[in-house]
Amino acid sequence: MPLWLQALLWGTIAGAALVLGSAISWRWRIRPKTVSTIMAFGSGVLISALAFELVDEAATRGGVPATVGGFLAGSGLFVAANFVLARRGARHRKRSGNQQPSEREEPGSGTAIAVGALLDGIPESLVLGLGLVSAGAISPTMLAAVFISNVPEGLSSAAGMKRAGRSAGYVFTVWGSIAVLCGIASLLGFVALEQAPAELVAFITALAAGAILAMLADTMIPEAFEEHHLLTGLTAAVGFVTAFAIHSVEG
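As the structure is a prediction and not an experimental result, all values here were calculated from the model.

Rules used in this analysis
Residues numbered from 1 in each chain as written. Predicted model: local features only at pLDDT ≥ 70, side-chain atom pairs only at ≥ 80, totals over all residues. Heavy atoms only, no water. Phe/Tyr/Trp six-rings, centres within 6.5 Å; stacked < 30°, edge-to-face > 60°. Helix = DSSP H or I, 4+ residues; strand = E, 2+ residues; numbered from the N terminus. Buried < 20%, exposed > 50% of the residue type's maximum accessible area, 1.4 Å probe, protein only. Lys NZ or Arg CZ within 6 Å of the ring centre and 35° of its normal. UniProt positions renumbered as here; feature names shortened; annotations may be inferred. Expected span 1.5 Å × (residues − 1). Bend = angle between axes of the 7 residues up to and from the residue. Contact = heavy atoms within 4.5 Å. Polar contact = N/O pair within 3.5 Å; in protein donor to acceptor, adjacent residues only side chain to side chain. Patch = residues over 30% accessible without salt bridge, like charges linked within 9 Å, V, L, I, M, F, W, Y side chains within 5 Å. Areas by Shrake-Rupley, 256 points an atom, 1.4 Å probe, with all protein chains shown as cover. Salt bridge = Lys/Arg side-chain N within 4 Å of Asp/Glu carboxyl O. Core = buried A, V, L, I, M, F, W, Y, C linked by side-chain atoms within 4.5 Å.

1. Thoughts on the packing of aromatic side chains
Line of reasoning, step 1. Within this structure, the stated rule accounts for three aromatic pairs.
Line of reasoning, step 2. When the ring of Trp-26 is compared with that of Phe-172, the centres are 6.1 Å apart and the planes differ by 70°; the resulting orientation is edge-to-face. Of the two residues, Trp-26 sits in helix H1 (residues 3-27) while Phe-172 sits in helix H6 (residues 168-193), which places them 146 residues apart along the sequence.
Line of reasoning, step 3. Classification of Phe-172 as partly exposed rests on a relative accessible area of 28%.
Line of reasoning, step 4. Taken together, the aromatic side chains of Phe-52, Phe-240 and Phe-244 make up a single cluster linked through ring pairs.
Line of reasoning, step 5. The lysine or arginine in question, Lys-162, covers the ring of Trp-26, its NZ or CZ lying 5.0 Å from the ring centre.

2. Some details on the UniProt feature "transmembrane region" (unreviewed entry) in the chain
Line of reasoning, step 1. UniProt annotation of "transmembrane region" (unreviewed entry) refers to residues 6-26, 38-55, 67-86, 126-148, 168-193, 200-217 and 229-249 when read in the numbering used here.
Line of reasoning, step 2. Strand forms 0% of residues 6-26 and helix 100%; the C-alpha atoms that close the span are 30 Å apart.
Line of reasoning, step 3. Here residues 126-148 runs as 83% helix and 0% strand, with 16 Å between its end C-alpha atoms.

3. Re helix H2 (residues 32-62)
Line of reasoning, step 1. Between its terminal C-alpha atoms H2 stretches 42 Å, which fits the 45 Å expected from 31 residues at 1.5 Å a residue.
Line of reasoning, step 2. In H2, a bend of some 35° at Leu-50 exceeds every other bend along the element.
Line of reasoning, step 3. Directly beyond the C-terminal end of H2, a positive phi value near 95° is found at Gly-63.

4. What to know about the environment of Phe-172
Line of reasoning, step 1. Linking Phe-172 and Ala-23, residues 149 residues apart in sequence, is a C-alpha distance of 8.1 Å.
Line of reasoning, step 2. Sequence-distant contacts of Phe-172, defined by excluding residues within four places in its chain, comprise Val-19, Ser-22, Ala-23 and Trp-26.

5. Overview of the side chain of Ser-75
Line of reasoning, step 1. For Ser-75, the location among the structural elements is in helix H3 (residues 64-90).
Line of reasoning, step 2. From its side chain, Ser-75 meets the backbone oxygen of Leu-72 in a polar contact 3.0 Å long.
Line of reasoning, step 3. Filtering out sequence-adjacent residues up to four positions away, Ser-75 remains in contact with Gly-210, Ala-211 and Ala-214.

6. Quick notes on the environment of Gly-62
Line of reasoning, step 1. Secondary-structure assignment places Gly-62 in helix H2.
Line of reasoning, step 2. Judged by relative accessible area, Gly-62 falls into the buried class, the value being 14%.
Line of reasoning, step 3. Placed 138 residues apart in sequence, Gly-62 and Leu-200 show a C-alpha to C-alpha distance of 7.4 Å.
Line of reasoning, step 4. Setting aside its immediate chain neighbours within four residues, Gly-62 contacts Ala-198, Glu-199 and Ala-202.

7. Observations concerning the environment of Val-241
Line of reasoning, step 1. Tracing the backbone through its elements, the reader meets Val-241 in helix H8 (residues 232-250).
Line of reasoning, step 2. By relative accessible area, which is 49% here, Val-241 ends up partly exposed.
Line of reasoning, step 3. C-alpha of Val-241 to C-alpha of Ala-49: the two residues are 192 residues apart in sequence and 9.9 Å apart in space.

8. Description of a nonpolar patch on the surface
Line of reasoning, step 1. Where nonpolar side chains cluster on the molecular surface, the patch consists of Met-1, Trp-4, Leu-5, Leu-9, Ile-13, Leu-20, Phe-147 and Val-191 and spans about 680 Å² of accessible area.
Line of reasoning, step 2. With five residues, H1 is the single largest residue contributor to the nonpolar patch.
Line of reasoning, step 3. Mapped onto the elements, Leu-9 comes out in helix H1.
Line of reasoning, step 4. For Leu-9, a relative accessible area of 35% puts it in the partly exposed group.

9. Regarding the nonpolar core
Line of reasoning, step 1. In terms of nonpolar packing, the biggest core is built from 40 residues, with Leu-46, Leu-50, Leu-54 and Met-142 touching the most fellow members.
Line of reasoning, step 2. Those elements giving two or more residues to this core turn out to be H1, H2, H3, helix H4 (109-135), helix H5 (140-163), H6 and helix H7 (198-228).
Line of reasoning, step 3. Broken down by element, this core gets its largest block of residues, 13 residues, from H7.
Line of reasoning, step 4. Contact partners of Leu-46, with chain neighbours within four places excluded, come to Glu-124, Met-142, Ala-145, Ser-149, Ile-212, Met-215, Leu-216 and Met-220.

Next comes the structure, spelled out in structure tokens:
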């Protein structure tokens, strides 16, 4: 299978986990503590993956300056974009409780939430395509990390959307569209940088890693802490070592 097609396929599969989480949440009422536990585990998985797969790989291939610069740029860009979206009603887009505003309470918040969800998903998908550029094969650790973290993201966000009175059509259109766009982001990450110098690939990889860490701190970890704070740290640690174990076996 051509590498570009692999990038598109794996990015779409990882994004489809958002739809899976949404479907579970829409069909069954999931206890808030269960949601927060899964979210904490997913956060730990992603932190491990960005540390051992993304930042380490970027520093090894492109050097420390490119990695540091990309990481800070990515985190800064995400925080700036998230600030704008938060002011338009998307601040609590990953919260499963009653924090999300309805369209009546805050007109335009539905669009802001959809854009925010896309903002969260693009960096994760981008690095799947970049992995094919640097290694010539998809990283099982990164793929597992993105898929595992996307399930609770979709689950928590859909629960909040449902509580805010948004329809099934809206919810599944949002997540289905984002799954497709995640595949396209992975494809673009591969095609655009296939012939790029190592320093540029390292910079973009670190940029995505910085955005992912900022996303975790701003959106996933608050939801994880909400209902399960006494065990949040332990659950995140289990997620971290799970991803590390996959990385070690892969290596």
